[in-house]
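One letter stands for each residue in the lines below.
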Amino acid sequence: MTTHTSADTFPRQYARTLRYTVGAPRSFSVTPDGARVVFLRSRSGSDRANLLWTLDTATGEERIAADPVALLGGGEEDLSPAEKARRERSREGSAGVVGYALDGTGTLAAFALSGRLFTADLVAGTSTELPAEGPLLDPRPSPDGTHVAYANTAGELRLTRTDGTADWAFAQPDGPGVTWGQAEFIAQEEMGRDRGYWWSPDSDRLLVERADDTPVNRWWIADPANPDREPAEVAYPAAGTADAEVGLWVLGLDGTRTEVQWDRAAFPYLARVHWSKGGVPLLLVQARDQRAQRILGLDVATGATEVLHEEHDDTWLELFQGVPAWTPDGKLVRISDESGARSLVIGDQTVTGADLHLRSVLAVTADEVFFTASGGTAETDPEPGWVAVGRIGHDGKRLGWEAANGRPFTSVTTAVHAAGITVRATAEPDLPGTLVQVARDLPEGVVVDDIATIASYAETPVITARPVFRFAGERRIPAAVFLPTGYDRERDGLLPVLMDPYGGPHGQRVVQAHNPHLNSQWFADQGFAVVVADGRGTPGRGPAWEKSIAFDFAGATLDDQVDALRALAGEFPLDLGRVAIRGWSYGGYLSALAVLRRPDVFHAAVAGAPVTDWRLYDTHYTERYLGHPAEKPEVYDANSLTGMAPGLERPLMIIHGLADDNVVAAHTLRLSSALLAAGRPHTVLPLSGVTHMTPQEEVAENLLLLQVDFVKRSLGI
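Let us look at the structure shown here. (Residues numbered from 1 in each chain as written. Predicted model: local features only at pLDDT ≥ 70, side-chain atom pairs only at ≥ 80, totals over all residues. Heavy atoms only, no water.)

### So, the packing of aromatic side chains
Each pair of aromatic rings is reported with the distance of its centres and the angle of its planes.
Then, number 1: In total, this model carries 26 aromatic pairs according to the counting rule given.
Then, number 2: Within the aromatic cluster, the residues linked to one another by ring pairs are Trp 316, Tyr 502, Phe 553, Tyr 586, Tyr 589, Trp 614, Tyr 617, Tyr 621 and Tyr 625.
Then, number 3: Over the ring of Trp 180 we find Arg 257; its NZ or CZ atom is 5.3 Å from the centre of that ring.
Then, number 4: When the ring centre of Phe 551 is taken as origin, the NZ or CZ atom of Lys 632, which lies over that ring, is 4.7 Å away. (Phe/Tyr/Trp six-rings, centres within 6.5 Å; stacked < 30°, edge-to-face > 60°. Lys NZ or Arg CZ within 6 Å of the ring centre and 35° of its normal.)

In structure tokens form, the structure reads like this:
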């Protein structure tokens, strides 16, 4: 790690380093022969431009494979609106090389810079620009390394030869609103699928998504601070409205075109595509209500599909990274809630039990499956918030943990596995940053042989987080408590409380790590006892825990914040007469909900980018939890905040970026209008030109300072 400057304050350093991610290695791949690890990393903790690097697994030597500064001649990057939108979907705030793809041998990497196409020879260490019709998106080499496919902002999927001799349109839009080879908004934002095409293992054809967003409602996002600029047009599929029409085609390099057939009326969501060498391509398609899904096998010659497995759930079905997949001997690998636990299933056998909560599948080898998991519904978890890498034989035996730093129960933030090599980034509560270790598998699967550690250039934080982890109350709610640095109970007495949750689906805040808690520690150092609680609905505690919020956001998620607060007050110096709450996105919704519904508990709130009317949020997320608004209007009314506006009795600050195309500013404006109509005083802080990520350094820094000032004034501190 690099050191910080003496003039740094935490808010400025936190914002400048993108939450201490700048300079940290990321985006790991292992080449099929296990000879190299490929990754991204910038030169320092203050340089946002990522370079492409390789690590030799035989020697541990790191080498630069592509330098964006050299490739662009020192010029600035020029990003298209489509690329900016794609980065917003993936919460990408860095620069330079932000993504890459490898050929089948792992010797050729393709990547985009400023909408231009580049390849890197990872053996020779040279880079080349190839002809391309940009601005382009998501370039990917064919497995044999002879071609690179890429999408562009014109909606085309194009191919270029890696020898630079030709570039041509492989698929072109056949109407307005049509794109080829690009994941649609819902896939990127909610399904965790950012790809829109897949090469065949033999490099002779591709599976290509065709998306038509003409049925999708058009919204207009204006910049009120610059009225001379035209509003941006956004195709936004709000709950209850039409999604993009998504199809899949098999396109051959010989010119053949075959449409893939499945029951798109019943299963419109294309959630996953998997095409492994020697295996039938797999598709995972979902019903719109996400209570049913099918795993389909595809005949690439005819486009016909066969139902290999169908699954139903009365609440909803989750999506997972790495599945469905095949074992080399033809067994289907998936993650399922059918047993009541979130389990790994290989063929017809459920091979893990209720003591584990599966998170993802990393790799499927000839004998084993590598996965990430945390504690399940068991009451014997050693601590909340751990995630580990495990491995298990296809027969369900030989379960073991890939220990990190001598302890298996740690927080694995990233892991990949291939060719007998595991790369894992792990975090510890008492150590800043992450430790990235490259390890070779050993047969027993309990201990691994570390080959090398990939260096991190991330800055060392100017403060130290001191989380105290607990399971709070009868429901054992995972929680972390932060007290001011140097706090003395006899001297300082009870402290005003700041609840700091996300508190909703897919947002785990209580983790066995250091850096994710720095923000909470900084707030504590301003004179608060800060409480972070992951109540029902948050991930990692079993399917029943997550699904207990079905059709009721405003119930369980808020109740668990109250229960955790009261339970922790029996051990920690919490002044329950001075309690504030802050949060962003779902946390913003939860914070506003807290003062609207429970003013007896919460005395002030800061709500950042809150969803206030769930009819304005997107289809796949909202309908999963609340149902279709036409079928359950009463659920939407009960869970939206605008109808609660007359009940506001406490100070409320609402913050919103006016350029946010995820949670649009209309959410805040509608709540503010309802509060005004009810005569309820409140504060609105509009952020001109700011999206959902708030990446701007000055904005991010001052937001922290303004929140502290508001909370202190509101609590009379």
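Now that the structure is up, let's keep going.
### Remarks on the pairing of strand S33 (residues 411-418)
Then, number 1: Alignment of S33 against strand S34 (residues 421-428), held across seven bridges, turns out to be antiparallel. The partner of His 417 across the bridge, within S34, is Thr 422.
Then, number 2: In sequence, S33 turns back onto S34 through a hairpin of two residues, with Ala 419 there showing a positive phi of about 50°. (Pairing = 2+ DSSP bridges. Helix = DSSP H or I, 4+ residues; strand = E, 2+ residues; numbered from the N terminus.)

### Examining the packing of helix H8 (residues 553-568) against helix H9 (residues 586-597)
Then, number 1: Interaxial distance between H8 and H9 falls to 10 Å at its minimum, and their mutual angle equals 80°. As judged from the angle between their axes, H8 and H9 are roughly perpendicular. Counting all contacts with H8, which are made through Phe 553, Ala 554, Gly 555, Thr 557, Leu 558 and Gln 561, the residues of H9 involved are Tyr 586, Tyr 589, Leu 590, Leu 593, Ala 594 and Arg 597.
Then, number 2: A per-class count over the contact of H8 with H9 returns eight nonpolar, three polar and one charged. (Axes fitted to C-alpha atoms, helices over the stretch in contact; angles between N-to-C directions. Parallel < 35°, antiparallel > 145°, perpendicular 65-115°, else oblique. Contact = heavy atoms within 4.5 Å. Nonpolar A, V, L, I, M, F, W, Y, C, P; charged D, E, K, R; others polar.)

### Side note on the sheet that holds strand S10 (residues 136-141)
Then, number 1: Here we have four strands laid out as an open sheet, ordered S10-S11-S12-S13, and antiparallel in their pairing. Either end of the sheet is taken by a strand with one partner, and the two such strands are S10 and strand S13 (167-171). Within this sheet the neighbouring strands show an average axis-to-axis angle of 30°, counted without direction.
Then, number 2: The pairing of S10 with strand S11 (residues 147-152) spans four bridges and is antiparallel. Paired with Leu 136 across the two strands is Asn 152, which belongs to S11.

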